[in-house]
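Structural description and commentary
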Amino acid sequence: MANSVFLSSLSSRSAKELVFLVALTALFVAPVALARGQEAPTVAIKVDQVGYPLDGPKDAIVSVLGKTFQLKRSAGNAVVFSGTLAQPKADAITGDQAQIADFSSFNTPGTYYIDIPGVGRSWNFTLGANVYQRAYYMAMRGFYAQRCGTAVDMGPEFPGFTHPACHLHGEFHPTSGKSGERDNIGGWHDAGDYGRYTVNSGISTGLLLWAWEIYAPRLKDIALNIPETGNGTPDILNEARWNLEWMLKMQDDDGGVWHKQTSEHFAAFIAPQDDKLVSDVIGTGSAPYKSTCATADLASVAAIAARVFKPFDAEFAAKNLDAARRAWDWAEKNPNVTFRNPHGISTGDYGDHICSDELLWAAAELGRTTGESAFSDYFLGNYAHFLPVLDSPPAQSWSQLAPMALWTYALSHQKGEDPKAVAAIRDRTLAAANAVVERTHASPYRNSMKATDYIWGSNGVAAGYGIYLLIANQFSPNPNFTDAARDNLHYILGRNTFSLSWVTQLGENPFQHPHHRPSAATGKAWPGLMSGGPNAGRQDAVLAKLPKDLPPAKVYADQTPSYASNEIAINWQASLVFLLAGELQ
Ligand SMILES: [Zn+2]
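Residues numbered from 1 in each chain as written. Predicted model: local features only at pLDDT ≥ 70, side-chain atom pairs only at ≥ 80, totals over all residues. Heavy atoms only, no water.

**Comments concerning the layout of surface pockets**
Roughly 840 Å³ of volume is contained in the largest pocket. Around the largest pocket sit 35 residues that line it, and Tyr350, Trp398, Trp456, Asn571 and Trp572 are the ones nearest its centre. Of all the secondary structure elements, the ones that give two or more residues to the lining of the largest pocket are α4 (198-219), α12 (458-475) and α17 (570-583). Classifying every residue of the lining of the largest pocket gives 16 nonpolar, 12 polar and 7 charged. (1 Å grid on protein atoms, 1.4 Å probe; cavity = no way out; pocket = protein on both sides within 12 Å on 5 of 7 lines; lining within 4 Å. Points joined across faces, edges and corners; volume = space filled by probe spheres on them. Helix = DSSP H or I, 4+ residues; strand = E, 2+ residues; numbered from the N terminus. Nonpolar A, V, L, I, M, F, W, Y, C, P; charged D, E, K, R; others polar.)

**Focus on unusual backbone geometry**
Note that the residue after alanine 287, namely proline 288, is joined by a cis bond; omega there is 10 degrees. Tracing the sequence through the fold places proline 288 in the loop between β17 (279-282) and α6 (292-308). Each neighbour pair has its own omega, and for proline 393 with proline 394 the value is -5 degrees, a cis peptide bond. Within the fold, proline 394 resides in the loop between α9 (373-382) and α10 (402-411).

**Considering helix α11 (residues 419-442)**
Along its 24 residues, α11 runs 35 Å from first to last C-alpha, staying within 8% of the 34 Å computed at 1.5 Å per residue. Tucked inside the fold, the buried residues of α11 contact α9, α10, α12 and α13 (479-492). The opening residue of α11, the one whose side-chain oxygen lies 2.8 Å from the backbone nitrogen of lysine 420, is aspartate 418. (Expected span 1.5 Å × (residues − 1). Contact = heavy atoms within 4.5 Å. Polar contact = N/O pair within 3.5 Å; in protein donor to acceptor, adjacent residues only side chain to side chain.)

**Comments concerning the state of the cysteines**
One way to say it: the disulfide is the covalent bond shared by the sulfur atoms of two cysteines. On inspection of all chains with the given rule, the structure shows 1 disulfide. Residue cysteine 293 pairs covalently with cysteine 355 via a disulfide, S to S 2.0 Å. Of note, the bridge from cysteine 293 to cysteine 355 carries an S-S torsion of about -100 degrees and is left-handed in sense. Of this pair, cysteine 293 sits in helix α6 while cysteine 355 is found in the loop between α7 (314-333) and α8 (356-370), placing the two residues 62 residues apart along the sequence. Of the two residues, cysteine 293 and cysteine 355, both sit in the buried class. (Disulfide = S-S within 2.5 Å. Buried < 20%, exposed > 50% of the residue type's maximum accessible area, 1.4 Å probe, protein only.)

**A look at the packing of aromatic side chains**
Summed over all chains, the structure comprises 24 aromatic pairs. Ring geometry for tryptophan 456 versus tyrosine 563: centroids 5.8 Å apart, planes at 35 degrees, classification tilted. On the criterion of sequence distance, the pair formed by tryptophan 456 in the loop between α11 and α12 and tyrosine 563 in helix α16 (residues 563-566) is long-range, its members being 107 residues apart. Using a relative accessible area of 33% as the deciding quantity, one classes tyrosine 563 as partly exposed. Over the face of the ring belonging to tyrosine 113 we find arginine 121, whose NZ or CZ atom lies 3.7 Å from the ring centre. Note that arginine 241 overlies the ring of phenylalanine 316, its terminal NZ or CZ placed 3.7 Å from the centroid. (Phe/Tyr/Trp six-rings, centres within 6.5 Å; stacked < 30°, edge-to-face > 60°. Lys NZ or Arg CZ within 6 Å of the ring centre and 35° of its normal.)

**Overview of empty space enclosed by the protein**
Following the criterion strictly, the structure yields 4 cavities of 30 Å³ or more and no others. Within this model, the largest cavity holds a volume of roughly 100 Å³. Lining of the largest cavity is provided by 16 residues; of these, Tyr194, Gly195, Thr262, Ser263 and Asp275 occupy positions nearest its centre. Grouping the amino acids of the lining of the largest cavity by side-chain chemistry returns 5 nonpolar, 8 polar and 3 charged. Around the second largest cavity, the lining residues are Pro57, Asp59, Asp483, Arg486, Asp487, His490 and Arg495. The element contributing the most residues to the lining of the second largest cavity is α13, with 4 residues. Each residue belonging to the lining of the second largest cavity can be placed in one class, and the counts come to 1 nonpolar, 1 polar and 5 charged.

Treat this as a map of the structure, not an account of what it does.
Following this line, the structure appears as structure tokens:
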């Protein structure tokens, strides 16, 4: 369809543009069959392709100048609402002229599209009370898809997305200080590769457990159709436990935790069961072999798990608390053991040379779980140094855990709580969140992203703004916070310059070619996975060839080789899940 017309126009374009345009051709292939006589949607109209809850603002963005718009019912094309497009605003971040189509006052549930005379029609989307439930389900199922050491089957909803048990052979690498065979079952493949990394597991698993702690009433009955479904434990916890069990195995007898378990180098682009490289537990290469950041990450996550699993599996909760305490003791004794890839290892480094934020997080979570003054004392003696981190949202990341530490302290009501510390954390978070709300309202594309946010994993940054705003909403409920958080979700789900849903197989125009080995091996994108997103850093060869003057938000290629803009990863997947959980009803 549009593809052939599009390609025929390429002859007059420069080679550089051609590379870019080829990158974009996937956007013009509608993955859904259009009804007979139905016009193909235009990428000039950007909507949240999942939809909009009935409460709160509902906006589309239009990047071709127009005057009026209509909202039409998808079945039968009846006009249900007409409006005037807002004045166009020049947007330096995308290079677009952006006009807002506001249909907030229309509140009838159903499936609709936007139609603009002379421009075209948008993708279909839903208006409803709880429109993000399936998106949440798919994003959580994205973690199930990443399970290692077991057979995975996304069918019957997504037939053909399956693999037998993978990576069954593990060993201790000489850098771990141990040798011999190693029980290798468990954990999630980290990203597009098959490694497992304690440090990135920290914030990923932690965010899922936090989503449960904050939003349990919304999540408790959502079955994820995973092997554990129906065992009496909520499925978000069942899925988190799959990775947590692996993290616990990464703890040595002395309490320290190894940094990662990967092959010595990345596998070829093959299916997981075909990757026969040995999965090695990798350490620092010299005593004490384990690293501080990894150990404190496990202490933090296991401390949360000790709280949240208690009502469902007291024995597992106790096992986690014991692991957290032993990890804490090790990390306190070894506060500065950092990790760099030892000689001969070339998988992800996740190098972090400052572990004091991880230690603060561990102290805060252990304090919240146990109420013991030793942990509160550590927190109160060290937290003030980290307060400025809150001034630059979204401050939390796999390597910056101070916000998690500060927030868990302020959100809890632990014994020995210090009102001054709580007030400082709360006030700084609210001030920064209010600034984000103002920027979001002023942004032509109505999201929180700054030009400098288009880095590796920028979609995780967008979701991270959402998390920051939702935490602010925990401190002081305010629709401005939840609406702005939702604006960032709209961005991820299609209200962006590409009119592209950055979650595979979600919405009518999702990205198609994740940097993800199982997807490449299957020949189709596995469902429910979020792309890293535009990245002005251009660290891969695909992005390096894009036109030099592209605005930051446009430096993206829906191509498998673009690991710097199109890889999936558990840390930004967890941010998406948290944001979706916050927008459920
Ligand atoms: Zn595996």
